[in-house]
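# Observations on chain architecture
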Amino acid sequence: EADIYQTPRYLVIGTGKKITLECSQTMGHDKMYWYQQDPGMELHLIHYSYGVNSTEKGDLSSESTVSRIRTEHFPLTLESARPSHTSQYLCASSERAWGETQYFGPGTRLLVL
Amino acid sequence: AQSVAQPEDQVNVAEGNPLTVKCTYSVSGNPYLFWYVQYPNRGLQFLLKYITGDNLVKGSYGFEAEFNKSQTSFHLKKPSALVSDSALYFCAVRDNIDSWGKLQFGAGTQVVVTP
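Below is a short write-up of the structure. (Residues numbered from 1 in each chain as written. Chains lettered and ligands numbered in written order. Predicted model: local features only at pLDDT ≥ 70, side-chain atom pairs only at ≥ 80, totals over all residues. Heavy atoms only, no water.)

A few words now on the overall build of chain A. Helix and strand content of chain A: zero helices and eleven strands. Listed N to C, the secondary structure of chain A is β-β-β-β-β-β-β-β-β-β-β in terms of helices and strands. Relative to its length of 113 residues, chain A is compact, with a C-alpha radius of gyration of 13 Å against a globular reference of 13 Å. Expressed as lengths along the three principal axes of its C-alpha atoms, the size of chain A is roughly 40 × 30 × 25 Å. For chain A, with 113 residues in total, the buried portion stands at 48%. Partitioning the intrachain contacts of chain A with sequence separation of at least 6 by distance along the chain shows that 55% fall at a separation of at least 24. (Helix = DSSP H or I, 4+ residues; strand = E, 2+ residues; numbered from the N terminus. Rg over C-alpha atoms; globule rule 2.2 N^0.38 Å. Buried < 20%, exposed > 50% of the residue type's maximum accessible area, 1.4 Å probe, protein only. Contact = heavy atoms within 4.5 Å.)

In structure tokens form, the structure reads like this:
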């Protein structure tokens, strides 16, 4: 198992609430990623980061935002949750190297009512 | 542009029989290829990867994959499947000319191993 952690694992929240999904890794990896995945479906990259103070949007448009103030921490925030945000969110990290492997956290399953 | 295809939504196999999960890819340069497995309500676990060298790559839990450049394929194989291999399998590719390193994932193949 990779040393990458996500909290909470499950979250049920009402529409309009602000939420932050936490992701931390202890491997010292420069690169971090957020993916969105509906159950049993493919992964969509929504945000990524090269390193501290670097954030980019991914392939799938998302209303979420991210920050990278510390190497080990890459939180994702939804300012106003909506039912369309219901999904699983997976965080991953990798070294800055050619052919590097991405290691995934256990995921956060979000349900917005 | 890079892309990856997993042509089978589901593969059914009896325990003890060989398991094959298919993957084909398209890249502009040379491919970096990966296989991951996902169990219910979990993140993805890395199984194996091909970067360069020997076309046959051995990975975790008895899995292996063969890189075939002429057929642009990277099929995952296991000689004797276990019930515990039942899971969702993802193939992913990265183009080696992509300096950033973004992975393109396939849609996934559900493997069902019956006792």
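So much for the structure itself; the text now carries on.
Moving on, we get to the state of the cysteines. All names here are of chain B. The final tally for this structure, using the stated rule, is two disulfides over all chains. A sulfur-sulfur separation of 2.0 Å characterises the disulfide bridge that pairs Cys23 with Cys91. Between Cys23 and Cys91 the disulfide shows an S-S torsion of about -65°. By sign, it is left-handed. Residue Cys23 is found in the loop between strand S3 (19-21) and strand S4 (24-26), and its partner Cys91 is found in strand S10 (residues 87-95); the two are separated by 68 residues along the sequence. Accessibility classification places Cys23 together with Cys91 in one group, the buried group. (Disulfide = S-S within 2.5 Å.)

This brings us to the sheet that holds strand S1 (residues 4-7) of chain A. Residues and elements named next belong to chain A. Overall, antiparallel pairing links the four strands, which are arranged S1-S3-S8-S7 in an open sheet. Whereas interior strands pair on both sides, the edge strands pair on one side only; in this sheet they are S1 and strand S7 (65-66). Where S7 meets strand S8 (residues 76-78), two bridges bridge the pair, whose relative direction is antiparallel. Across the sheet, the residue bridging to Thr65 is Thr77, located in S8. (Pairing = 2+ DSSP bridges.)

Residue and element names in this part refer to chain B. Residue position: Arg42 is located in the loop between strand S5 (31-38) and strand S6 (44-50). Classification of Arg42 as partly exposed rests on a relative accessible area of 35%. With 14 residues separating them along the chain, Arg42 and Leu56 place their C-alpha atoms 28 Å apart.

A word on the environment of Gln37 of chain A. Checked against the element boundaries, Gln37 of chain A lands in strand S4 (residues 31-37). Its relative accessible area of 1% is what places Gln37 of chain A among the buried residues. Spatially, the C-alpha atom of Gln37 of chain A lies 7.4 Å from that of Leu90 of chain A, the residues being 53 residues apart in sequence. Those residues in contact with Gln37 of chain A that sit more than four places away from it in its chain are Glu42, Leu43, Ser87, Gln88 and Leu90 of chain A together with Gln38, Leu88 and Phe90 of chain B. Within the structure, Gln37 of chain A has its side chain in polar contact with the backbone oxygen of Met41 of chain A (distance 2.8 Å). (Polar contact = N/O pair within 3.5 Å; in protein donor to acceptor, adjacent residues only side chain to side chain.)

Moving on, we get to the interface of chain A and chain B. On the chain B side, the residues contacting the 28 residues of chain A number 25 residues. The junction of chain A with chain B conceals about 2100 Å² of combined surface from both sides, 51% of it contributed by carbon and sulfur atoms. Taken together, chain A and chain B are joined by two salt bridges. Taking the shortest distance from any N to any O, the salt bridge between Asp59 of chain A and Lys102 of chain B comes out at 3.0 Å. Broken down by secondary-structure element, the contributors of at least two residues to the side of chain A that touches chain B are S4, strand S5 (43-49), strand S9 (87-94) and strand S10 (103-104) of chain A. Along the lines of polarity and charge, the residues of the side of chain A that touches chain B split into 14 nonpolar, seven polar and seven charged. (Buried area = accessible area lost by both parts, 1.4 Å probe. Salt bridge = Lys/Arg side-chain N within 4 Å of Asp/Glu carboxyl O. Nonpolar A, V, L, I, M, F, W, Y, C, P; charged D, E, K, R; others polar.)

So, about the side chain of His73 of chain A. Here His73 of chain A lies in the loop between S7 and S8. Setting aside anything within four residues of it in sequence, one finds His73 of chain A in contact with Glu22, Cys23, Ser24, Met32, Ser67 and Arg68 of chain A.

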